[in-house]
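# Coordinates in review
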Number of protein chains: 2
Amino acid sequence: MELSTRIDAALAEAMQVGQGLSLSAEAVPQRLSATLDHAVMSGGARIRPTILLSVALACGDDRPGLADTAAAALELVHCASLVHDDLPAFDNAETRRGRPSVHRAFGEPLAILAGDSLIFLGFEMLTRGAGDCPDRALRMMRVLAQRSGMPGGICAGQGWESEPIVNLRAYHRAKTGALFIAATQMGALSAGQEAEPWEELGARIGEAFQVADDLKDALLPTEETGKPAGQDAAHGRPNAVAEMGVAGAMRHLKDILGGAIASIPACPGEAMLARMVRAYAERLTPVDLRARVAAAK
Amino acid sequence: MELSTRIDAALAEAMQVGQGLSLSAEAVPQRLSATLDHAVMSGGARIRPTILLSVALACGDDRPGLADTAAAALELVHCASLVHDDLPAFDNAETRRGRPSVHRAFGEPLAILAGDSLIFLGFEMLTRGAGDCPDRALRMMRVLAQRSGMPGGICAGQGWESEPIVNLRAYHRAKTGALFIAATQMGALSAGQEAEPWEELGARIGEAFQVADDLKDALLPTEETGKPAGQDAAHGRPNAVAEMGVAGAMRHLKDILGGAIASIPACPGEAMLARMVRAYAERLTPVDLRARVAAAK
């Protein structure tokens, strides 16, 4: 089965639970329910769950149901973080994925609640998906919680932006890297493997994503990214393009991806994973972006 | 050991983890770390974890470490909900527990992140506390997630306030009742008992709490509740005092507590739990409040 089919089905099942679709409509706050749908079912690239399932497959994927649930849980937490990051207190983004951001469409109260609800739903789905592997599920939940919260998860990453002095390494690793590390580690855990050897691959994919995002933020107009352009410069956030220029950032991205491929632990699906990272690199740097970089040289 | 001692120790352990106190200071965003402390260590009454541990004790408390962790996790989620509820998008509360609310003290971005981080920390602590009972831990996490998120948890409860038509029963049950149900059910589960028979006790304590809170909101000044007075009337929220008057609300409160005591499932600590509910009733209606009600009659 295509990974995207598995991810879509797992997310649909999660929405069924979170939106209370099996309950009578008057038992469920319908606007908040619609907000969850808007936050999750808006055509995201599903990069993190794709990586999670790719690693699970590379490790044998002996509990595909558990892997699917983990993929959905990770994407729900990622969507929650996007909803909260878009709030006026942070990016004040008007659009996301080419549609109005959640708070623009539904107001701030429901956006805050949607983020919170999606976090809880992610953990609920993992308790439901545990099946005959409660220990695996618990280890995955610990990874998800640690890579999302404090002191080293995406919340910490966002928190660094409120510090007078920023530890740039900790900032990037937490803000962008953490959920990619969760992806590789949860994928391995779902198939009964250890988490630790998979940390570096996740961290490097996260770094690559950050640099590619910096390139897109600097070079592409809003219509193509689906979110406001030039946000890094506008908010004075550190970014690779400001540090090393467009061509330098592009070289740096290639180096990181080379390191990512070299870091893949020995496993049955090693070659398949290397192909995935290469395909992922193409996806991170669309043809149009590469042409612009060539023109800018 | 006193329940409050157990709860304090479990929360201190959770803060150790969430604030990254074992890491070097420069690896952790210190302002967000301080925000977590402000949100949790502000002298709350710890009612929900006290109920959780009381039920655990009544059921034999054969895994006290797991019960303690559950008590901390529940309180962390409760504190998270308070931080988010106080935000300008909701109550816009300036004070909480007699101190500045989190967003007043640290700003909105860190308040939003603190709430999110505390949710993740609650689940992380439960994965750490599972020990030799992964199945019990998973069931407790499912209860915690369901009673916190959508479609029936405290997020749903808050969400009802954004609906054009409010289902009052679902609203109250979700907004105030849900975490009390989590308290009784997680207490029972921590000691290896079934959750279901404990739902009614939690729901009734939650109802009692709601009515007592409505009485306090209507009758007590800000200095005594530690939060702004008259918020229900100011926000046009449904409340028992508006519906049945002060004396009627007081009678209703007594009836609910009688029902709560009657609903306690047969267990070794049944009599002890009944005493706890009575003591809790005293606490819900401080002498001063009772005197005011007598004067208002």
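Residues numbered from 1 in each chain as written. Chains lettered and ligands numbered in written order. Predicted model: local features only at pLDDT ≥ 70, side-chain atom pairs only at ≥ 80, totals over all residues. Heavy atoms only, no water.

## Quick word on the overall build of chain A
The test is simple: In this description a helix means any DSSP run of H or I spanning at least four residues, a strand means any run of E spanning at least two, and both kinds are numbered starting from the N terminus. Residue burial is assigned from relative accessible area. The probe radius is 1.4 Å, only protein chains are included, and a residue is buried under 20% of its type maximum, exposed over 50%, and partly exposed in between. Whether two residues touch is decided by their heavy atoms; if any such pair falls within 4.5 Å, the residues are in contact. Note on areas: Shrake-Rupley with a 1.4 Å probe; residue coverage comes only from the protein chains shown.
Broken down by element type, chain A carries 15 helices and 2 strands. The buried share among the 297 residues of chain A stands at 59%. Pairs at least 24 residues apart make up 69% of the contacts formed inside chain A by residues separated by at least 6 positions. A total of about 11300 Å² of accessible surface is found on chain A, and carbon and sulfur atoms cover 52% of it.

## Brief notes about the interface of chain A and chain B
Selection rule: Take the accessible area each of two parts loses on contact, using a 1.4 Å probe, and add the two losses: that sum is the buried area. Any Lys or Arg side-chain nitrogen located within 4 Å of an Asp or Glu carboxyl oxygen qualifies as a salt bridge. We call two N or O atoms a polar contact when they sit within 3.5 Å, provided that within protein one can donate a hydrogen and the other can accept it, with sequence-adjacent residues counted only if both atoms are side-chain atoms. Lys, Arg, Asp and Glu make up the charged group, whereas Ala, Val, Leu, Ile, Met, Phe, Trp, Tyr, Cys and Pro make up the nonpolar group; the residues left over, Gly among them, are polar.
With 55 residues of chain A at the interface, the matching set in chain B holds 55 residues. Ranking the residues of chain A by area buried against chain B places A:Phe120, A:Leu138 and A:Met150 at the top, with a combined share of 16%. At the junction of chain A with chain B, the criterion picks out 0 salt bridges. Summed over the shared surface of chain A and chain B, the result is 14 residue pairs in polar contact (both at pLDDT 80 or more). Of all elements in the fold, only helix 1 (3–18), helix 2 (30–40), helix 4 (64–85), helix 6 (108–129), helix 7 (134–148) and helix 8 (154–159) of chain A reach the threshold of two or more residues within the side of chain A that touches chain B. No other element matches the 13 residues that helix 6 of chain A contributes to the side of chain A that touches chain B. Residues belonging to the side of chain A that touches chain B are distributed by class as follows: 31 nonpolar, 15 polar and 9 charged.

## Observations regarding the relation of the copies chain A and chain B
Put simply, the rule is: Copy-to-copy superposition: least squares on the C-alpha atoms, limited to residues that have pLDDT of at least 70 in both copies.
Once turned by 180° and shifted 0.0 Å along the axis, chain A lies on chain B with an RMSD of 0.0 Å. The two molecules are tied by a two-fold rotation axis, judged by turn and shift. Relative to the rotation axis, the C-alpha of A:Pro134 is the closest in chain A, positioned 3.0 Å from it. Counting the interface residues of chain A, we find that 100% of their copies in chain B are interface residues as well, pointing to one common contact surface.

## A closer look at the confidence of the model for chain A
Where we set the bar: As a per-residue measure, pLDDT reflects the predictor's confidence and takes values from 0 up to 100.
Residues of chain A with pLDDT of at least 70 account for 90%, and the chain-wide mean is 92. Reported confidence for the predicted complex is 0.93 by ipTM and 0.93 by pTM.

## Observations regarding the environment of B:Leu57
Residues and elements named next belong to chain B. The residue Leu 57 is located in helix 3 (residues 47–58) in this model. Along the sequence, Leu 57 and Ala 188 sit 131 residues apart, while their C-alpha atoms lie 8.7 Å from each other. Every residue in contact with Leu 57, bar those within four places of it in the chain, is listed here: Leu 3, Arg 6 and Met 272.

## Description of the packing of aromatic side chains
Under the convention used in this document: Aromatic contacts are taken between Phe, Tyr and Trp rings whose centres are within 6.5 Å, Trp giving its six-membered ring; a plane angle under 30 degrees counts as stacked, one over 60 as edge-to-face, and the others as tilted. Sitting over a ring, as applied to charges here, requires NZ of Lys or CZ of Arg to be within 6 Å of the ring centre and within 35 degrees of the ring normal.
Scanning the entire structure with this criterion turns up 5 aromatic pairs over all chains. Measuring from ring centre to ring centre gives 5.1 Å for A:Phe180 and A:Phe209, while their planes differ by 45°; the resulting arrangement is tilted. Of this pair, A:Phe180 sits in helix 9 (residues 168–190) while A:Phe209 sits in helix 10 (residues 199–219), and the two are 29 residues apart along the sequence. We note that A:Phe180, like A:Phe209, is buried. Joined through ring pairs, the aromatic side chains of A:Phe120, A:Phe123, B:Phe120 and B:Phe123 make up one cluster. When the ring centre of A:Phe209 is taken as origin, the NZ or CZ atom of A:Arg48, which lies over that ring, is 5.2 Å away.

## Concerning the nonpolar core
For soluble globular proteins, the rule of thumb is that nonpolar side chains tend to be buried together. Here is the rule: Buried Ala, Val, Leu, Ile, Met, Phe, Trp, Tyr and Cys residues form a nonpolar core when they are joined through side-chain atoms within 4.5 Å.
Core analysis: the largest hydrophobic core is formed by 196 residues, its most contacted members being A:Ile51, A:Leu76, A:Met186, A:Trp198, B:Ile51, B:Leu76 and B:Met186. Apart from residues no more than four positions distant in its own chain, A:Trp198 is found in contact with A:Val55, A:Cys59, A:Thr184, A:Gln185, A:Ala188, A:Ile264, A:Pro265, A:Cys267 and A:Leu273.

## A few points about the side chain of B:Gln158
With respect to the helices and strands, B:Gln158 occurs in helix 8 (residues 154–159). Residue class for B:Gln158 comes out buried when judged on its relative accessible area of 4%. Not counting residues up to four positions away in its chain, the partners in contact with B:Gln158 are A:Leu113, B:Asp85, B:Phe90 and B:Lys175.

## Focus: the pattern of salt bridges
Working definition: two side chains of opposite charge can pair if their charged atoms are close together. Per the counting criterion, the structure on display carries 30 salt bridges over all chains. Between B:Asp62 and B:Arg63 there is a salt bridge, with its nearest N and O atoms 3.7 Å apart. Through salt bridges that share partners, A:Asp62, A:Arg63, A:Asp132 and A:Arg136 make up one connected network.

## Describing the environment of A:Met15
All names here are of chain A. For Met 15, the location among the structural elements is in helix 1. What makes Met 15 buried here is its relative accessible area of 3%. Separated by 106 residues in the primary sequence, Met 15 and Leu 121 place their C-alpha atoms 8.7 Å from one another. Here Met 15 is in contact with Gly 20, Leu 21, Leu 36, Asp 37, Val 40, Met 41 and Leu 76, once residues within four sequence places are set aside.

## Some remarks on helix 9 of chain A
The periodicity of an α-helix, 3.6 residues per turn, causes residues three or four positions apart to be oriented the same way. Residue and element names in this part refer to chain A. Quick reminder of the rule: Helix span is expected to be 1.5 Å times the residue number reduced by one. The term bend refers to the angle at a residue between two fitted axes, each drawn through seven residues, those ending there and those starting there.
The first and last C-alpha atoms of helix 9 sit 31 Å apart over 23 residues, in line with the 33 Å expected at 1.5 Å per residue. Remark: the principal bend of helix 9, roughly 60°, maps to Gly 177. Counting buried residues along helix 9, 18 of its 23 residues qualify, which places the element largely inside the surrounding structure.

## Examining unusual backbone geometry
Cis geometry is found at the peptide bond from A:Met150 to A:Pro151, where omega equals 0°. Positionally, A:Pro151 belongs in the loop between helix 7 and helix 8. Unusually for a residue other than glycine, A:Asp61 sits at a positive phi of about 45°. Structurally, A:Asp61 can be placed in the loop between helix 3 (47–58) and helix 4. The class of A:Asp61 is buried, set by a relative accessible area of 11%. In the Ramachandran plot, B:Asn92 falls in the positive-phi region, its phi being about 50° despite a non-glycine side chain. When you line up the elements, B:Asn92 lands in the loop between helix 4 (64–85) and strand 1 (95–96). You can call B:Asn92 partly exposed: its relative accessible area is 38%.

## What to know about the packing of helix 3 of chain A against helix 9 of chain A
Residue and element names in this part refer to chain A. Our working rule: Every axis in this analysis is a line fitted to C-alpha atoms, fitted for helices over the stretch in contact. Angles between the N-to-C directions lie between 0 and 180 degrees. Note that the term roughly parallel is reserved for angles under 35 degrees, roughly antiparallel for angles over 145, roughly perpendicular for angles of 65 to 115, and oblique for everything else. Here a crossing is called left-handed whenever its near helix is offset anticlockwise from the far helix by less than a right angle, and right-handed whenever the offset is clockwise.
In contact at an axis separation of 7 Å, helix 3 and helix 9 are set at 30° when each is read in the N-to-C sense. As summarised for this structure, helix 3 and helix 9 are arranged roughly parallel, according to the angle between their axes. Classified by chirality, the crossing of helix 9 by helix 3 is right-handed. Along its contact with helix 3, which presents Ile 47, Arg 48, Ile 51, Leu 52, Val 55 and Ala 56, the element helix 9 presents Leu 179, Phe 180, Ala 183, Thr 184, Met 186, Gly 187, Ala 188 and Ser 190. Each residue belonging to the contact of helix 3 with helix 9 can be placed in one class, and the counts come to 10 nonpolar, 3 polar and 1 charged.

## Quick word on the packing of helix 7 of chain A against helix 6 (residues 108–129) of chain B
Direction vectors running N to C along helix 7 of chain A and helix 6 of chain B enclose 145°, while the axes themselves pass 9 Å from each other. Crossing handedness for the pair helix 7 of chain A and helix 6 of chain B: left-handed. Residue-level contacts link A:Leu138, A:Met141, A:Arg142, A:Ala145, A:Gln146 and A:Ser148 of helix 7 of chain A to B:Phe120, B:Glu124, B:Thr127 and B:Arg128 of helix 6 of chain B. Grouping the constituent residues of the contact of helix 7 of chain A with helix 6 of chain B by class yields 4 nonpolar, 3 polar and 3 charged.

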